[in-house]
Amino acid sequence: MSKEINTIGVLTSGGDAPGMNAAIRAVVRTAIANGKKVKGIRRGYSGLLEEDIIDMDSKSVADIIQRGGTILYTARSAEFRKEEGKQKAVEICKKHGIDGLVVIGGDGSFKGAQRLAELGINTVGIPGTIDLDIACTEYTVGFDTAVNTAMECIDKIRDTSTSHERCSIIEVMGRSAGYIALWCGIANGAEDILIPERYDHDEQRIINNIIAKRKVGKTHHIIVNAEGIGDSYGMAKRIEEATGIETRATIIGHVQRGGSPTCKDRVYASAMGAKAAEILCNGGSNRVVGYRHGEFVDYDFNEGLAMTKDIDAYMYDMAKKLSRS
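Conventions we followed
Residues numbered from 1 in each chain as written. Predicted model: local features only at pLDDT ≥ 70, side-chain atom pairs only at ≥ 80, totals over all residues. Heavy atoms only, no water. Helix = DSSP H or I, 4+ residues; strand = E, 2+ residues; numbered from the N terminus. Rg over C-alpha atoms; globule rule 2.2 N^0.38 Å. Buried < 20%, exposed > 50% of the residue type's maximum accessible area, 1.4 Å probe, protein only. Areas by Shrake-Rupley, 256 points an atom, 1.4 Å probe, with all protein chains shown as cover. Lys, Arg positive; Asp, Glu negative; His and termini not counted. Charge placed at Lys NZ, Arg CZ, Asp CG, Glu CD. Phe/Tyr/Trp six-rings, centres within 6.5 Å; stacked < 30°, edge-to-face > 60°. Pairing = 2+ DSSP bridges. Axes fitted to C-alpha atoms, helices over the stretch in contact; angles between N-to-C directions. Contact = heavy atoms within 4.5 Å.

Caption draft 1: Expanded view of the overall build of the protein chain. Secondary structure assignment for the protein chain yields 12 helices and 11 strands. For 325 residues, the compact-globule formula gives about 20 Å, and the C-alpha radius of gyration of the protein chain, at 22 Å, lands near that figure. C-alpha extents for the protein chain along the principal axes are approximately 70 × 35 × 35 Å. Here the protein chain, with 325 residues, has 55% of them falling under the buried criterion. In the form shown here, the protein chain has an accessible surface area of approximately 14100 Å², with 47% of it arising from carbon and sulfur atoms. Computed over 42 positive and 44 negative side-chain charges, the separation of the two mean positions in the protein chain equals 2 Å.

Caption draft 2: Examining the packing of aromatic side chains more closely. Per the counting criterion, the structure on display carries 7 aromatic pairs. Taking the centre distance of 5.7 Å and the plane angle of 55 degrees together, the rings of Phe-110 and Phe-301 count as tilted. Taken together, the residues Phe-110 in helix 5 (residues 107-118) and Phe-301 in helix 11 (residues 301-306) connect sequence positions 191 residues apart. Taking relative accessible area as the criterion, Phe-110 reaches 1% and is therefore assigned buried. Look at Phe-301 and you get buried, because its relative accessible area is 0%. Relative to Tyr-268, the ring of Tyr-139 lies with its centre 4.9 Å away and its plane at 65 degrees, an arrangement referred to as edge-to-face. Remark: Tyr-268 occurs in helix 10 (residues 263-281) and Tyr-139 occurs in the loop between strand 5 (122-127) and helix 6 (143-164); sequence separation between them is 129 residues.

Caption draft 3: Region of interest: the sheet that holds strand 9 (residues 247-251). Across the sheet, 4 strands lie side by side as 7-8-6-9; this open sheet has parallel pairing. Looking along the sheet, the strands with just one partner apiece sit at the ends: strand 7 (192-194) and strand 9. Taken pair by pair, the neighbouring strands of this sheet meet at an average axis angle of 15 degrees, ignoring direction. Pairing analysis gives 3 bridges linking strand 7 to strand 8 (residues 221-226), with the strands arranged parallel. Following the sheet pairing, Ile-193 is matched in strand 8 by Val-224. Helix 6 contacts strand 6 (167-172), strand 8 and strand 9 of the sheet and is inclined by roughly 165 degrees relative to strand 6. Along the sheet, helix 7 (residues 179-187) contacts strand 6, strand 7 and strand 8; its crossing angle with strand 7, the most-contacted strand, is approximately 170 degrees.

Caption draft 4: Representation of the pairing of strand 5. Across the 6 residues of strand 5, 6 count as buried, placing the element largely inside the fold. Here strand 5 shows a buried face lined by Asn-122, Val-124 and Ile-126 and a second buried face lined by Thr-123, Gly-125 and Pro-127. Relative to strand 5, strand 4 (residues 100-105) runs parallel, the two sharing 6 bridges. Opposite Val-102, over in strand 5, you have Val-124 as the bridge partner.

Caption draft 5: Structural context of the sheet that holds strand 4. Taken in spatial order, the 7 strands of this open sheet run 3-2-1-4-5-10-11, and their pairing is mixed. Edge positions in the open sheet fall to strand 3 (53-56) and strand 11 (295-300), since each of these has one partner strand only. Strand-to-strand, the axes of this sheet are offset by a mean angle of 25 degrees, without reference to chain direction. With respect to the sheet, helix 10 is in contact with strand 1 (7-12), strand 4, strand 5, strand 10 (287-292) and strand 11, its orientation differing from that of strand 5 by roughly 170 degrees.

Everything listed is a geometric property; what it means functionally is a separate question.
The structure is reproduced here in structure tokens:
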């Protein structure tokens with residue numbers, strides 16, 4: 001039977017992502033509109049274990065939709081990964097009257113949320129990660145802003161790379177997923193795109209490509225490199241030694257996590273936050289919100305976390321064809 005929810009807690013966990021504040025705002029105001037109380041849990045699961053919990057109302061989330069990062073802060077918790085930590089978290093939720101919980105984060109955060117649901121706390125997850133690496137959804141909060149930030153940075157680097165007739169390696173975020181690199185590679189017209197899902201470690205092929213393009217009049221060369229491959233500075237040195245062409249590496253880094261969210265991240269994160277709160281208000285639990293085939297949907301955590309995804313083969317092949325000059 002559905003358990004009636006009186007108080008909903010909301011937390012952000014793992015890496016921050018632009019749009020998390022929009023999701024928080026939507027959770028809070030949707031829950032209040034349904035007659036529920038809301039508590040904000042600061043610093044993720046770490047803050048939950050430390051009882052860093054605050055009351056929230058509609059005013060608490062005023063003027064935050066345009067802000068990057070997360071007003072609830074975020075952290076990682078070694079203690080929560082242990083079973084004793086999860087049991088403690090359940091007791092703290094009960095102590096503070098939290099019978100429903102919205103967790104905004106990635107796969108690791110969802111595994112913790114799934115366990116809390118098994119232990120009796122109605123829990124719903126919202127995919128918040130710039131990496132777009134959660135299989136059950138075509139959209140994750142923060143990806144659109146992050147990829148646009150990286151694209152704008154690469155545009156600027158291309159200007160100076162063209163002026164100096166050099167090769168530029170730009171490293172973007174994505175430890176195990178190459179979505180930011182692939183999208184930027186296409187959007188920025190990169191000559192080479194290196195992503196964890198497809199990289200064959202054939203550096204000589206890249207060198208040959210640079211030399212071949214220089215022979216036909218290409219005066220600069222852009223390589224977008226995913227964080228999961230890394231070694232951008234070492235790669236730049238080896239390419240310069242092999243080609244004689246000045247080669248520079250730039251690691252864009254955490255600037256991709258920050259900044260005011262795009263319209264898409266504000267709207268989609270708001271829709272996901274509202275849906276998560278509605279699920280809890282209706283007695284649902286153990287669900288993860290997603291976006292697939294043009295609709296906001298939700299899946300059982302077990303089903304959602306069991307799904308797998310890969311880089312879109314058509315997009316990757318298209319990128320290779322478009323890079324030919």
